[in-house]
Amino acid sequence: MQLLLIPGITQEHYLWLSAILFSIGVTGVLIRRNAIILLMCIELMLNAVNLLFAAFSTYLSDSNGQIFVFFIMVVAAAEAAVGLAILILTYRNSRTTEVTYWDKLKW
Amino acid sequence: MGAEQIIFFFLAAFTVVMASLVVFSKNPVHSVLFLILTMFGIAGHYLSLNAQFLAVVHIIVYAGAIMVLFLFVIMLLNLNKESEPRKTLWWQLGAVIGGGSLMLTLIASFQSTIKLPIAHEIDSNIGLVKPLGKVLFTEYVVPFEISSVLFLAALVGAVLIGQRKQEEPNHS
């Protein structure tokens, strides 16, 4: 299946879209206190960057960007697995997922 | 405005609305489900960018694996709307203003950049499996193998961290 590039849509459109998505992710990290939602917002920010990588890769006709997206997905999957394991461990100790309770290192 | 552009703007609006619902919905389970819809919107963008392999891998990895992991953890910990911690209204307002200013700064800096380059002839085949696989297994074969070691380390780490110690009393 071969879809053609959308006429009239330039890289700037993708720049704006991923800027908006990244800012929503940053807002989520600032606004929420549930650690699982924070991890999800980090995934959102990673995806905004992935979309920009893919857009530039297509518009520059260079496949290196799509390989980078692939590796970012690999790292995101590993990060989610280890992060959720740490989250379960901390939940077992403190019975909460609220990040403001875990402030022993903050002095 | 042609039909293709309408599709682009519809997909973009869908993705942005679903992403905001991830942030602003009170129930963590709803957040995960909205994030899955966001992932589908982004996969649609990949399809319209001729990155078919990325679109399929994105759906399999994110919607199929990572989001299911998040959903399982939320259900395992029995989180719901009642146990959701709340921040004060002033803090939320400040966070929204902070995120909005970041977005304004990013968009303003993109506006002032020089005109972005475009390839003379766009090859629509680079997103297919065969050309990408050729690049991945020749030019990037060493990072590919290293990423498999990273996955092994993440696997061992997740199992080691998540396991319950024997002498620990069972309270769950």
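Predicted, not measured: the structure shown is a model, and the values here were computed from it.

Novice: Before we move on, can you summarise the overall build of chain B with the specific residues and values?
Specialist: Scanning chain B for helices and strands turns up 6 helices and 0 strands. Its C-alpha atoms give chain B a radius of gyration of 21 Å, more than 25% over the compact-globule value 16 Å for 172 residues. Along the first, second and third principal axes, the C-alpha set of chain B runs to 65 × 45 × 30 Å. Residues counted as buried form 35% of the 172 residues belonging to chain B. The long-range share in chain B, meaning contacts at least 24 apart out of those at least 6 apart in sequence, stands at 53%. Carbon and sulfur atoms form 73% of the exposed surface of chain B, whose accessible area is close to 10,400 Å². In chain B, which carries 9 positive and 9 negative side-chain charges, the distance between the mean positions of the two groups comes to 9 Å.

Novice: Go over the interface of chain A and chain B, please, and point to the residues and values.
Specialist: On the chain B side, the residues contacting the 77 residues of chain A number 88 residues. Summed over both sides, the interface of chain A with chain B buries roughly 7,700 Å², with 74% coming from carbon and sulfur. The largest contributions to the chain A side of the interface with chain B come from Ile31, Met40 and Arg92 of chain A, which together make up 9% of the buried area. Connecting chain A to chain B are 0 salt bridges. Of all the secondary-structure elements, those providing two or more residues to the side of chain A that touches chain B are helix H1 (11-31), helix H2 (35-59) and helix H3 (64-94) of chain A. Sorting elements by how many residues they give to the side of chain A that touches chain B places H3 of chain A first, with 24 residues. Classifying every residue of the side of chain A that touches chain B gives 52 nonpolar, 17 polar and 8 charged.

Novice: If you had to explain the domain arrangement of chain B to someone new, which residues and values would you point to?
Specialist: How large an interface is tends to be reported as the accessible area lost when its parts come together. Residues and elements named next belong to chain B. By domain assignment, chain B separates into domain 1 (1-79) and domain 2 (124-162). Distance between the C-alpha centres of domain 1 and domain 2: 22 Å. Residue-level contacts link 4 residues of domain 1 with 5 residues of domain 2. Between domain 1 and domain 2, a total of about 390 Å² is buried, with carbon and sulfur atoms accounting for 68% of that surface. Broken down residue by residue, the surface that domain 1 buries against domain 2 is led by Asn50, Gln52 and Phe53, which jointly contribute 92%. At the surface where domain 1 touches domain 2, the tally comes to 1 residue pair in polar contact (both at pLDDT 80 or more). Per-class residue counts for the side of domain 1 that touches domain 2 are 2 nonpolar, 2 polar and no charged.

Novice: I'd like to hear about H2 of chain A, residue by residue, with values.
Specialist: Counted at 1.5 Å a residue, the expected span for H2 of chain A with its 25 residues is 36 Å, and the 37 Å between its end C-alpha atoms agrees. Within H2 of chain A, 19 of the 25 residues are buried, leaving the element largely enclosed by the surrounding structure.

Novice: So what about a nonpolar patch on the surface? Which residues, and what values?
Specialist: There is a patch of nonpolar side chains on the surface, built from Val49, Phe53 and Phe68 of chain A and spanning about 230 Å² of accessible area. With respect to the helices and strands, phenylalanine 53 of chain A occurs in helix H2.

Novice: Could you give an account of the packing of H2 of chain A against H3 of chain A, naming the residues involved and the relevant values?
Specialist: All names here are of chain A. Axis separation between H2 and H3 bottoms out at 9 Å; the angle between their running directions is 175°. What the angle tells us is that H2 and H3 run roughly antiparallel. Here Ala35, Ile36, Leu39, Ile42, Glu43, Leu46, Asn50, Phe53, Ala54, Ser57 and Thr58 of H2 lie close against H3, whose contacting residues are Gly65, Gln66, Phe68, Val69, Ile72, Met73, Ala76, Glu79, Ala80, Gly83, Leu84 and Leu87. Residue composition of the contact of H2 with H3, grouped by class: 15 nonpolar, 6 polar and 2 charged.

Novice: Tell me about the nonpolar core, residues and numbers included.
Specialist: In this structure, Ile36 of chain A together with Tyr46, Met67 and Phe70 of chain B are the most contacted members of the largest nonpolar core, which totals 62 residues. Elements with a minimum of two residues in this core: H1, H2 and H3 of chain A together with helix H1 (3-24), helix H2 (28-48), helix H3 (52-77) and helix H5 (129-138) of chain B. Both domains that furnish three or more residues to this core are identified here as domain 1 (1-79) and domain 2 (124-162) of chain B. Once residues lying within four places of it in the same chain are set aside, the contact partners of phenylalanine 70 of chain B are Ile36, Leu39, Met40, Glu43, Ala80 and Leu84 of chain A together with Val32 of chain B.

Novice: Tell me about the packing of aromatic side chains, and please be specific about residues and values.
Specialist: Using the criterion set out here, one finds 9 aromatic pairs over all chains in the structure. Taking the centre distance of 5.1 Å and the plane angle of 75° together, the rings of tyrosine 14 of chain A and phenylalanine 8 of chain B count as edge-to-face. With tyrosine 14 of chain A in helix H1 and phenylalanine 8 of chain B in helix H1, this residue pair bridges two chains. By relative accessible area, tyrosine 14 of chain A is classed as buried at 2%. Look at phenylalanine 8 of chain B and you get buried, because its relative accessible area is 2%. The interplanar angle of 15° and the centroid separation of 5.6 Å between the aromatic rings of phenylalanine 53 of chain A and phenylalanine 68 of chain A together place this pair among those described as stacked. Here phenylalanine 68 of chain A lies in helix H3 and phenylalanine 53 of chain A lies in helix H2, a separation of 15 residues in the sequence. Among the residues examined, phenylalanine 68 of chain A registers a relative accessible area of 41% and is labelled partly exposed. Linked through ring pairs, Tyr14 and Tyr59 of chain A together with Phe8 and Phe9 of chain B together constitute an aromatic cluster.

Procedures and definitions
- Residues numbered from 1 in each chain as written.
- Chains lettered and ligands numbered in written order.
- Predicted model: local features only at pLDDT ≥ 70, side-chain atom pairs only at ≥ 80, totals over all residues.
- Heavy atoms only, no water.
- Helix = DSSP H or I, 4+ residues; strand = E, 2+ residues; numbered from the N terminus.
- Rg over C-alpha atoms; globule rule 2.2 N^0.38 Å.
- Buried < 20%, exposed > 50% of the residue type's maximum accessible area, 1.4 Å probe, protein only.
- Contact = heavy atoms within 4.5 Å.
- Areas by Shrake-Rupley, 256 points an atom, 1.4 Å probe, with all protein chains shown as cover.
- Lys, Arg positive; Asp, Glu negative; His and termini not counted.
- Charge placed at Lys NZ, Arg CZ, Asp CG, Glu CD.
- Buried area = accessible area lost by both parts, 1.4 Å probe.
- Salt bridge = Lys/Arg side-chain N within 4 Å of Asp/Glu carboxyl O.
- Nonpolar A, V, L, I, M, F, W, Y, C, P; charged D, E, K, R; others polar.
- Domains from an automatic or database assignment.
- Polar contact = N/O pair within 3.5 Å; in protein donor to acceptor, adjacent residues only side chain to side chain.
- Expected span 1.5 Å × (residues − 1).
- Patch = residues over 30% accessible without salt bridge, like charges linked within 9 Å, V, L, I, M, F, W, Y side chains within 5 Å.
- Axes fitted to C-alpha atoms, helices over the stretch in contact; angles between N-to-C directions.
- Parallel < 35°, antiparallel > 145°, perpendicular 65-115°, else oblique.
- Core = buried A, V, L, I, M, F, W, Y, C linked by side-chain atoms within 4.5 Å.
- Phe/Tyr/Trp six-rings, centres within 6.5 Å; stacked < 30°, edge-to-face > 60°.

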